[in-house]
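# Structure assessment
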Amino acid sequence: MKLWTIAWFELRMLTRTRAVVLNLFLLPMVLIFILGNALSGNFTDGGEAAVEQAKVIIVEPKTEGTAGQRELGAGFGLREFLDAPEISQRLQTESIGSRDDAVRALIQGNADFAVVIPADFEERVMAGKAATWELIPGKDSMKNQAATMVFQAYLDEVNRVQAAIIALGPKAAVEAMGAMESMGGRGAVGSPETSYVETASLNARGETYSSFQYYAASMLIMFLLYSSLSASISLSEEKRTKTLYRLNAMPVSTLEIFLGKIAGNSLVAFLQAVVIIGGTTWFYGVDWGRHLGLLVLICVLVITASMMLAIIITLLSGSATVARSVVVTVIVIMTFLSGGFQPLPIELIQRMGEFTVNHWALQAILRLMLGEGPDEVMKYVAMLGLCCLLLLAAGIVSYRKVGYHE
Amino acid sequence: MSFVVVNNAVKRYGDKLSVDHLSLAIEAGEIFGLLGPNGAGKSTTINMIVGLLSMDQGSITVDGIDIKERPLEVKRRIGLVPQDLALYENMPAADNVAFFGRLYGLRGGELKERVKEALRFVGLEERAKHRPDTFSGGMKRRLNIACSIVHRPKLIIMDEPTVGIDPQSRNHILESVRELNRMGSTVIYTSHYMEEVASLCDRVAIVDQGHVIACGTEQELRERVAGEEKIVMAASGIGEAVLAELKQHPRITRIKETGNGLELYTPSSQNELQDILYICAKHDAVIHSVVCEQPTLETLFLNLTGRTLRD
């Protein structure tokens, strides 16, 4: 009963301060709005991501062949490859005679990408010798990526042909290629059916989440973890203002005082979760999925982890200032590693992110948003629960070792 | 049996003995003063009575209950007024008092009534809805007391409650202590202000270096130093010859040199004053002022320890 008296008083104290209320309830809503709008380009609405057509300059020196002038690489079907509808939809090609002109066009922004094909390319391939193309990227990373992928696909096929030439000899290789083409086999150079990229979906229905959903989830987790900062400040302030001394002299056990304060901060955090989930649903139309019970469970686990972080750091830190700095640093690092600010395509960071509370909570909530079944979501919730158990154990050890008194 | 019994209490901090086999017996309904310089062990003793510190040795009972065996029962009977302000500055005064009242088990109408009563008692009834961060230092001290008496404790412990406040608030607090005592509470009052303790307390224990060096009523303690009065003399030109002759005087017990003169201790200042003035004049010392002081608790402390309370 006294525990709830302390918890209720804690809740009242926190919600009385205007700055705290703004930070707890208004700031997350504003951040979700800003991030959801500003970074919406990094997300799709469930359809395929549109990549704009790239203007590519091909530098191919003209050479005299038996049939007069002919294009380099013709023997490997480069022109057919580039003219195929799938490719021409993504790349608009133009031939230029010199590398300098191509570079100038890239600098001036008249082209997005350039490819320099050496004059003896075909001969070297046919002779089984090393041959290289020079790919010169332009200013748009997305278009560079698209053009590189296309030309890489073409060169992979050239490599395959060269391997066949080396192994079987030029004549046998040409026959083998012809047989493949007559069979309509996939993978022939220039075949319009060639496809090296498959578009996959996050779930069976092909749905994905919007930027608002992503940031609503990541900000919910980050702000719930930030409640550990309030808890840490509250635990320290009780010592600084000497009210802990008075409380310790009253007929209340130290554990009741401690748990009361943690319960009060947890209640505020839970209230914050309700406001964020409700607010983003009503104002931004965020769909949090159909399993409200699981969403509540995830919030409870994140709040538990948050409170345990506050306990461990506050009790083990030498001063309140150090504790606050450590809490903030830990939360920011965990949010960054888990992709909470922006999804990160770097594998090392993703690996490190798997050791954070945010990762498992975020993945669980995103799966709820995608309408996954409880079994799938529970895999992530279980890992989140494991993180909480570890933090709980560390929290109990810290309390037993240090205690909570003046 | 005494209401509070401290029996042979010992508290060590590493090698330092903070409380050294200290014993006290405080009767129900009295105002008991703990007098001693800073670091004498007063606060440590109080913390052990309240159960905030464990003893290394000895025992303490309050109202017949052993603090080690039933600490919460003992705490329920005590209202501690801490030396430092212990208030929630951003919560209204009434909410502060009500919160502590709830933790003592008060609820509903009874709690409301007790909160009003406590605030009225310290003269803050009209400021009930104001936050302590808008209060003066004295008002905060009074609210600090209100938070400790809301549950009408049998034993009120006040640890230096008048430190750093204006005379008006100080008088208000001292009068409050008397009133609380008249209402039936036993009071333990610690201070290093001798005059405060002397005027307020029924009995006084003088504590130094962790143990009680004297205990009794003010009258009893004065009688222990009745044979010694102090003459404070502001003078210039006091040389070795003056000091040597004064030291040879058979009825001057001690001489202490101060920055601007001398302090002399004698069984009767009036009898010896003429001799002292004569010796000074003989050696051409110039006397600016002379004050004769009756023995006080300060004198007793000095007598017992060779130091003043504020040393």
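Higher on the page you've got the structure.
Below, the structure is looked at part by part. Worth saying up front: this structure is predicted, and the values here are computed from it rather than measured.

### A look at the interface of chain A and chain B
Often, the extent of an interface is quoted as the loss of accessible area on bringing the components together. Each partner contributes residues to the interface: chain A has 16 residues there, and chain B has 18 residues. Ranked by residue count, the leading element in the side of chain A that touches chain B is helix H1 (residues 2–16) of chain A, at 5 residues. Classifying every residue of the side of chain A that touches chain B by side-chain character gives 7 nonpolar, 5 polar and 4 charged.

### Some points on the sheet that holds strand E6 (residues 134–137) of chain A
Residue and element names in this part refer to chain A. Spatially, the 4 strands line up as an open sheet ordered E4-E1-E5-E6, and their pairing is mixed. Either end of the sheet is taken by a strand with one partner, and the two such strands are strand E4 (91–96) and E6. Across the sheet, the mean angle separating the axes of adjacent strands is 20° when strand polarity is ignored. When strand E5 (residues 113–116) meets E6, the two strands line up antiparallel, connected through 4 bridges.

### Describing the nonpolar core
With 149 residues, the main nonpolar core has Ile298(A), Val302(A), Leu384(A), Val97(B), Ala146(B) and Ile157(B) as its most contacted residues. Broken down by element, the residue count for this core peaks at 17 residues, all from helix H9 (residues 211–240) of chain A. Setting aside chain neighbours within four positions, we find Ala146(B) in contact with Val97(B), Ala118(B), Leu119(B), Phe121(B), Val122(B) and Leu124(B). Counting residues in hydrophobic clusters, the runner-up holds 24 residues, among them Phe81(A), Leu91(A), Phe113(A) and Val116(A).

### As for the pairing of E5(A)
All names here are of chain A. By the alternation rule, side chains of E5 split into Phe113 and Val115 and Ala114 and Val116, which are all buried. Judged from the 4 bridges that link them, strand E1 (residues 54–59) and E5 form a sheet pairing that is parallel. In the sheet register, Val59 faces E5, and the bridge partner there is Val116.

### Describing H9(A)
The periodicity of an α-helix, 3.6 residues per turn, causes residues three or four positions apart to be oriented the same way. Residues and elements named next belong to chain A. Over its 30 residues, H9 extends 42 Å from the first C-alpha to the last, a length consistent with the 44 Å expected when each residue adds 1.5 Å. Counted residue by residue, H9 has 24 buried out of 30 residues, so it is predominantly covered. Looking one or two residues past H9, Lys242 carries a phi angle of roughly 70°, positive in sign.

Here is what the cut-offs are and how they apply
Residues numbered from 1 in each chain as written. Chains lettered and ligands numbered in written order. Predicted model: local features only at pLDDT ≥ 70, side-chain atom pairs only at ≥ 80, totals over all residues. Contact = placed C-beta atoms within 7 Å. Helix = DSSP H or I, 4+ residues; strand = E, 2+ residues; numbered from the N terminus. Nonpolar A, V, L, I, M, F, W, Y, C, P; charged D, E, K, R; others polar. Pairing = 2+ DSSP bridges. Axes fitted to C-alpha atoms, helices over the stretch in contact; angles between N-to-C directions. Core = buried A, V, L, I, M, F, W, Y, C linked by C-beta atoms within 7 Å. Buried ≥ 20, exposed ≤ 12 C-beta atoms within 10 Å, placed from the backbone. Expected span 1.5 Å × (residues − 1).

Don't take any of this as a statement about function, it's just geometry.
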